[in-house]
Amino acid sequence: AAGRVVGHVWWISRPPHVVVEMGVIIHPDYQAAAAVLLGHVEVQADASLGLAPEGARVVLQTAVLADDRALIDALHGRGFAQAREWVHFEALPAKAPVVELPQGVTIREMDQRFDWLAVGAVMDAAFADHWGEMGPHMRTLLEEDETNEAIADVVEDEEDEEVEDDPYSNSLGLCFVAEADGQVIGSCLCNARTVEWPDSGKLGSLSVLRPYRRLGVGRALTATALAEFHRRGIQRIITDTDNASFTGANRLYPRFGFRPYRYERVFEKELRAGVEWRALSPSDLRP
C-alpha cells in the first residue's frame, strides 16, 4: 500500500520439523493481503521439508482468534482446515474456594530450587497423551539416531534453562505440587501477572499423572492456586485449555466460576503426506 506496512507474517520450524508454525497479522483495512502473505509462507515452508524425517507427515499450522473471520476465510481459501479450538477462561472470584484433598494426596508449594526435575518429568508424562504432543517416533529418533544431534541439543537446552523469579512465568509462591506416597503426581504452575493484563493472574499448566486422574487431584490443585490468588488480592484470573480436552479441563474450570471470554482456533494445512508423529487422540501414544 504505497510503501505502508499493512501486515506481516512469521514462521518457524523446530525439530523434528513435522509442524511448521506461523503467525499472520493483517491491518483491518487490507484483509485482501492475507492470501498473498499466506502464499509466501507456504513457499518458504515447502523449502524446509527436507529437514523433516523421511516418511513423516508435515503440516503448516497457525492459531487465529475465532472472531477474525476475514483471516479464517483466507485460510480456508488456501486449503487450511480447523484442527482444534482453545477456550480462554476468566474468573472473578469473590471468595477463596475450599480445598478438598483426595485420600492419600498432599499438596504443597513448589520449591523451585529442588523440585523442577521431578515436576518436569511428571509434566512430560502427564502431557504425553494430549493432542499435538510428540510420541514414540520422537523418542525413537532421540534414542536410536545418533546422527541427529540437532534435536538432542534442542531438548538438552530446554532442560537446562534456568528458573527465574518472574511474576510472568512460574511465580514464586504460586506454583504447587501434589504428592502421593512421597512422589510427585501432579502440579499447577501459575503466574502473578500477565503480559496482556498486568492486573490479572494466570492459572498456568495443570497436570496430573494418568493413574491419578478422575480422583480430584486436579480439582484440589486448582482450588489451592485460586485460594492463593485470593489471598494476594488478585481479583481476575485467566486460563486456557483445549476445548475438546479428554481430561475434562474444559469442564473443570467452570465449576470454579470461570467463564469463556474468547476462543482461538488452530488451523493446519498438510505440506507432505506421511506418518503422523503427533498424538491426535488419547490412544495414539499408548502401547
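Preceding this paragraph is the structure being described.
Residues numbered from 1 in each chain as written. Predicted model: local features only at pLDDT ≥ 70, side-chain atom pairs only at ≥ 80, totals over all residues. Heavy atoms only, no water.

### A look at the side chain of H130
Reasoning step 1: Relative to the helices and strands, H130 resides in the loop between helix 3 (116-127) and helix 4 (136-144).
Reasoning step 2: Judged by relative accessible area, which is 19%, H130 ranks as buried.
Reasoning step 3: A polar atom in the side chain of H130 sits 3.3 Å from the backbone oxygen of A126.
Reasoning step 4: When neighbours within four sequence positions are excluded, H130 is seen to be in contact with R213, F246, T247 and A279. (Helix = DSSP H or I, 4+ residues; strand = E, 2+ residues; numbered from the N terminus. Buried < 20%, exposed > 50% of the residue type's maximum accessible area, 1.4 Å probe, protein only. Polar contact = N/O pair within 3.5 Å; in protein donor to acceptor, adjacent residues only side chain to side chain. Contact = heavy atoms within 4.5 Å.)

### Quick word on helix 2 (residues 69-77)
Reasoning step 1: Regarding helix 2, the residues found buried are L71, I72, A74 and L75. Projected onto a plane normal to the axis of helix 2, the buried residues spread over an arc of 160 degrees and lie on a single side.
Reasoning step 2: The elements touched by buried residues of helix 2 are strand 2 (19-26), helix 1 (33-46), strand 3 (58-65) and strand 10 (259-272).
Reasoning step 3: Directly after helix 2, the chain includes G79, whose backbone phi takes a positive value near 90 degrees. (Arc of directions from axis to C-beta.)

### Some remarks on the environment of A33
Reasoning step 1: Structurally, A33 is set in helix 1.
Reasoning step 2: Once the C-alpha coordinates of A33 and G7 are considered, the two residues, 26 residues apart in sequence, prove to be 7.6 Å apart.

### A few points about the sheet that holds strand 6 (residues 175-180)
Within a beta sheet, neighbouring strands are joined by backbone hydrogen bonds and run either parallel or antiparallel to one another.
Reasoning step 1: Judged by pairing direction, the sheet is mixed, and its ten strands sit side by side in the order 1-2-3-10-4-9-8-7-6-5 without closing on themselves. Strands at the two margins of the open sheet, each flanked by one partner only, are strand 1 (7-13) and strand 5 (105-109). Each strand of the sheet is rotated relative to its neighbour by a mean of 25 degrees, with strand direction disregarded.
Reasoning step 2: Pairing analysis gives three bridges linking strand 2 to strand 3, with the strands arranged parallel. By the bridge assignment for strand 3, V19 is matched with V59. (Pairing = 2+ DSSP bridges. Axes fitted to C-alpha atoms, helices over the stretch in contact; angles between N-to-C directions.)

### Observations regarding the packing of aromatic side chains
Reasoning step 1: For the structure on display, the rule yields three aromatic pairs.
Reasoning step 2: Three or more aromatic residues joined by ring pairs form one cluster here, namely F89, Y253 and F258.
Reasoning step 3: Just above the ring of W197 sits the side chain of R236; from NZ or CZ to the centre is 4.2 Å.
Reasoning step 4: The positively charged end of R236 is found above the aromatic ring belonging to Y261, 5.4 Å away from the centroid. (Phe/Tyr/Trp six-rings, centres within 6.5 Å; stacked < 30°, edge-to-face > 60°. Lys NZ or Arg CZ within 6 Å of the ring centre and 35° of its normal.)

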